[in-house]
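Here is what each chain is made of, one letter per residue.
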Amino acid sequence: MPERLAEMLLDLWTPLIILWITLPPCIYMAPTNQSQVLMSGSPLELNRLGEEQRILNRSKRGWVWNQMFVLEEFSGPEPILVGRLHTDLDPGSKKIKYILSGDGAGTIFQINDVTGDIHAIKRLDREEKAEYTLTAQAVDWETSKPLEPPSEFIIKVQDINDNAPEFLNGPYHATVPEMSILGTSVTNVTATDADDPVYGNSAKLVYSILEGQPYFSIEPETAVIKTALPNMDREAKEEYLVVIQAKDMGGHSGGLSGTTTLTVTLTDVNDNPPKFAQSLYHFSVPEDVVLGTAIGRVKANDQDIGENAQSSYDIIDGDGTALFEITSDAQAQDGIIRLRKPLDFETKKSYTLKVEAANVHIDPRFSGRGPFKDTATVKIVVEDADEPPVFSSPTYLLEVHENAALNSVIGQVTARDPDITSSPIRFSIDRHTDLERQFNINADDGKITLATPLDRELSVWHNITIIATEIRNHSQISRVPVAIKVLDVNDNAPEFASEYEAFLCENGKPGQVIQTVSAMDKDDPKSGHYFLYSLLPEMVNNPNFTIKKNEDNSLSILAKHNGFNRQKQEVYLLPIVISDSGNPPLSSTSTLTIRVCGCSNDGVVQSCNVEAYVLPIGLSMGALIAILACIILLLVIVVLFVTLRRHKNEPLIIKDDEDVRENIIRYDDEGGGEEDTEAFDIATLQNPDGINGFLPHNRRGLLGGISQDAV
Ligand SMILES: *[C@@H]1O[C@H](CO)[C@@H](O)[C@H](O)[C@H]1NC(C)=O
Ligand SMILES: *[C@@H]1O[C@H](CO)[C@@H](O)[C@H](O)[C@H]1NC(C)=O
């Protein structure tokens, strides 16, 4: 019965195993939570104690009944006691054995199976593993039968401050504009601490500046770095090294610390005006320099950098503003003075310019510091250059009548040396432009004369080039084009515009126009052509034809009567005198041939004299008939000859039999073969009696002969 009661009690209490934890002595050394004392008792009791602990301790830390704590990094001579398992189950006569399993059981944590004491036999590192989950069980010592179900609990490793803060992203670089106001935020840095951030101050960091004061400051909590001085000047010092420290334990002594470096670079702002290196520049330039040539460079220095140092250059005053220009070279940050218009030493020998350099990007914050520009004076001296002669005109146009006398003066060119030491000039004609040597020039005065006669009807323009050379320096040469126009003179008589051939109808009416002719004249009078036509004086009273001038300068020939007859007269020749309107006028006589023809009723020419039609071909009908007759006669002779020859041929081959054989033998003897061409006389081929016959030909002849023999 007492056994039954014990069993009942056991059953009742089995789930209520009590972990009776003996506080390890080392906990007293830990700086915090020393007061966690757990007494043996009912689980309810333990829980209540836990609640109280929670209230006593920092709110973050919960205290659960099935937790044990062990300090990390403990290294005493003995293994550290973590706690004790205890069940207040009355085992009666049975001996209880405690068994531990789970994370690190046997390797890190060892249990005394009799007393239930758990020891850590290895040094623990919270930062490596912060808690271990283990299972405890009480079993019968003898039978190893579990006296209760296994119970899980946790061993937590308690933090100590064994990790220093670290700046994982350092060293740092940051920039801040120069001239910033005090307290301008530069950057912020962050350090990390591996220690437990929720337990104690081991991970509570405070930042401070070790180096870099008084220029920069740091906010202890947020690590925001700010400027601590106003108006730091990049031009004075551009780069600062700041050493930052992070210290744990809230910055208190005894805490661990880590440092990093921050390099702060001041960025440029436009706080400096440009300044010319010289207030006066001297340049010299030859007067004949090509337009656009760079004459010199001026530079205004600027302590700023980049676009803050950029200046644009201008010519703002001076006596050469029209002749010179200045362009800004953004690369070299200087100004280039160039020539815009031609210089002339003989006119002006020096110029003065006032140039200005002005910053392009102005920062209004500093406009109070004065104008961000500077000026300088530029003196330009023009140097004399030996210049080639200059003609009085860029081109010349001369006119000359085509009948001008040889050596007569056509015109004159003049040139001068623009240099102070004015050299005399010599003139010549570029003979490449006057291949026919039509003209001459007086080398001294430039007068152009006629060398050979002109003919406007051959060439109206003679465009030549005149060369002017300085006597003192033959390399100073200029050229000028001279166009010489040949003016017309009436030196050509008019004549018929083409070869006219007129036809006259036998049945024509009196007064009928037989032909209209026009005239042409090679000359080119300014007022145009006007021709006069007339019959020869002795023909003025021609009974057969008359002439009539038309409005358009042409001439009509009219029949005077209708009594023309081919039988009586086939052809009439009518000389016509044509004269032009020149002064003096020129005239010529052209003869018009008029043929009499038979015409239809409506005046269409049907037949003139036969010869008149055949003649244009060049042969008369009679001649043609004669040629035809000759051809026929020739054909007849040829046919006759061939027929006769055929009849004679038959006895010829037979009679020649012996000769042929002889030829064959001769051929074999000589062995000349086909290549022995010299052995054959082609001429004898035509002659059957020839001694040296052409072999193939003769052989054919032989065969022919044999076959004929057989017949
Ligand atoms: C010569 O020059 C004149 C005037 O410049 C021009 O009209 C003419 O065409 C030129 N003749 C030749 C053949 O170049
Ligand atoms: C005019 O024609 C007639 C014949 O028709 C001829 O005899 C005479 O010579 C001609 N006169 C002239 C001037 O041709």
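So, here's what we can say about the structure. What you are looking at is a predicted structure, and each value in this text was computed from that prediction instead of being measured. (Residues numbered from 1 in each chain as written. Chains lettered and ligands numbered in written order. Predicted model: local features only at pLDDT ≥ 70, side-chain atom pairs only at ≥ 80, totals over all residues. Heavy atoms only, no water.)

With respect to the site of ligand 1
Part 1 of the reasoning: Around ligand 1, the surrounding shell consists of Trp-461, Asn-463 and Ala-483.
Part 2 of the reasoning: Between ligand 1 and the protein, one listed contact pairs an oxygen atom with a side-chain N or O atom of Asn-463 at 2.5 Å.
Part 3 of the reasoning: Notes on ligand 1: free accessible area 360 Å², of which the protein chains cover 35%. (Near = heavy atom within 4 Å. Polar contact = N/O pair within 3.5 Å; in protein donor to acceptor, adjacent residues only side chain to side chain. Areas by Shrake-Rupley, 256 points an atom, 1.4 Å probe, with all protein chains shown as cover.)

Some thoughts on the state of the cysteines
A covalent bond bridging the sulfur atoms of two cysteines is what the word disulfide describes.
Part 1 of the reasoning: Under the counting rule described, the total for this entry stands at 2 disulfides.
Part 2 of the reasoning: With its sulfur 1.9 Å from that of its partner, Cys-505 forms a disulfide with Cys-599. Looking along the S-S bond of the Cys-505-Cys-599 disulfide, the torsion reads about -85°, which is the left-handed sense. Pair noted here: Cys-505 is in strand S34 (residues 501-505) and Cys-599 is in strand S41 (residues 587-599), with a separation of 94 residues, a long-range link. Here Cys-505 matches Cys-599 in class, with each residue buried.
Part 3 of the reasoning: A sulfur-sulfur separation of 1.8 Å characterises the disulfide bridge that pairs Cys-597 with Cys-608. Negative torsions about the S-S bond denote left-handed disulfides, and the value of about 95° found for Cys-597 with Cys-608 makes this one right-handed. (Disulfide = S-S within 2.5 Å. Helix = DSSP H or I, 4+ residues; strand = E, 2+ residues; numbered from the N terminus. Buried < 20%, exposed > 50% of the residue type's maximum accessible area, 1.4 Å probe, protein only.)

Overview of the sheet that holds strand S2 (residues 80-84)
Part 1 of the reasoning: Pairing is antiparallel across the open sheet formed by 3 strands, whose spatial order is S2-S5-S4. Both outer strands of the open sheet, S2 and strand S4 (109-111), are each paired with one neighbouring strand and no more. On average, adjacent strands in this sheet sit at an angle of 30° to one another, irrespective of strand direction.
Part 2 of the reasoning: Judged from the 4 bridges that link them, S2 and strand S5 (residues 117-120) form a sheet pairing that is antiparallel. Among the inter-strand pairings, Arg-84 is bridged to a residue of S5, identified as Asp-117. (Pairing = 2+ DSSP bridges. Axes fitted to C-alpha atoms, helices over the stretch in contact; angles between N-to-C directions.)

A look at the sheet that holds strand S11 (residues 216-218)
Part 1 of the reasoning: Taken together, 3 strands build an open sheet; the order of strands is S9-S12-S11 and the sheet is antiparallel. With partners counted over all chains shown, the strands left at the sheet margins are strand S9 (185-188) and S11, one partner each. Direction aside, neighbouring strands of the sheet carry axes that sit 25° apart on average.
Part 2 of the reasoning: Looking at chain direction, S9 and strand S12 (residues 224-227) are connected through 3 bridges and run antiparallel.

Quick look at the side chain of Asp-434
Part 1 of the reasoning: Residue position: Asp-434 is located in the loop between strand S28 (425-429) and strand S29 (439-441).
Part 2 of the reasoning: Engagement of the side chain of Asp-434 in a polar contact is seen with the side chain of Arg-431, the distance being 2.9 Å.
Part 3 of the reasoning: Only 3.0 Å separates the side chain of Asp-434 from the backbone nitrogen of Gln-438, close enough to count as a polar contact.
Part 4 of the reasoning: Excluding anything up to four places from it in sequence, Asp-434 contacts Ile-429, Phe-439 and Ile-464. (Contact = heavy atoms within 4.5 Å.)

With respect to the side chain of Gln-515
Part 1 of the reasoning: Its location among the elements puts Gln-515 in strand S35 (residues 513-517).
Part 2 of the reasoning: Excluding residues within four positions of it along the chain, Gln-515 makes contact with Tyr-500, Glu-501, Ala-502, Leu-555, Ser-556, Ile-557 and Leu-592.

Digging into the pattern of salt bridges
Part 1 of the reasoning: Evaluation of the coordinates by the stated rule reveals 24 salt bridges.
Part 2 of the reasoning: One salt bridge in this structure joins Asp-268 and Arg-234, with 2.9 Å as the shortest N-O distance. Residue Asp-268 is located in the loop between strand S14 (257-267) and strand S15 (275-276), and its partner Arg-234 is located in the loop between S12 and strand S13 (239-247); the two are separated by 34 residues in the primary sequence.
Part 3 of the reasoning: Through salt bridges that share partners, Arg-234, Glu-235, Glu-238 and Asp-268 make up one connected network. (Salt bridge = Lys/Arg side-chain N within 4 Å of Asp/Glu carboxyl O.)

Looking at the site of ligand 2
Part 1 of the reasoning: The immediate surroundings of ligand 2 are formed by Asn-542, Pro-543, Asn-544, Lys-568, Gln-569 and Tyr-572.
Part 2 of the reasoning: Side-chain polar atom of Asn-544 to an oxygen atom of ligand 2: 2.6 Å apart, as the coordinates give it.
Part 3 of the reasoning: Contacts to ligand 2 include Tyr-572, whose side-chain N or O atom sits 3.0 Å from an oxygen atom.
Part 4 of the reasoning: Looking at the shell around ligand 2, its residues break down into 2 nonpolar, 3 polar and 1 charged. (Nonpolar A, V, L, I, M, F, W, Y, C, P; charged D, E, K, R; others polar.)

Concerning unusual backbone geometry
Part 1 of the reasoning: The linkage connecting Gln-213 with the following residue, Pro-214, adopts the cis geometry, with an omega of 5°.
Part 2 of the reasoning: Tracing the sequence through the fold places Pro-214 in the loop between strand S10 (206-211) and S11.
Part 3 of the reasoning: In this chain, Asn-583 is followed by Pro-584 through a cis amide linkage whose omega measures 0°.
Part 4 of the reasoning: Within the fold, Pro-584 resides in the loop between strand S40 (571-579) and S41.
Part 5 of the reasoning: The phi dihedral of Met-179 is positive, around 65°, even though this residue is not glycine.
Part 6 of the reasoning: In this structure, Met-179 sits in the loop between strand S8 (172-177) and S9.
Part 7 of the reasoning: Of note, Arg-437 is a non-glycine position whose phi angle comes to about 50°, a positive value.
Part 8 of the reasoning: With respect to the secondary-structure elements, Arg-437 resides in the loop between S28 and S29.

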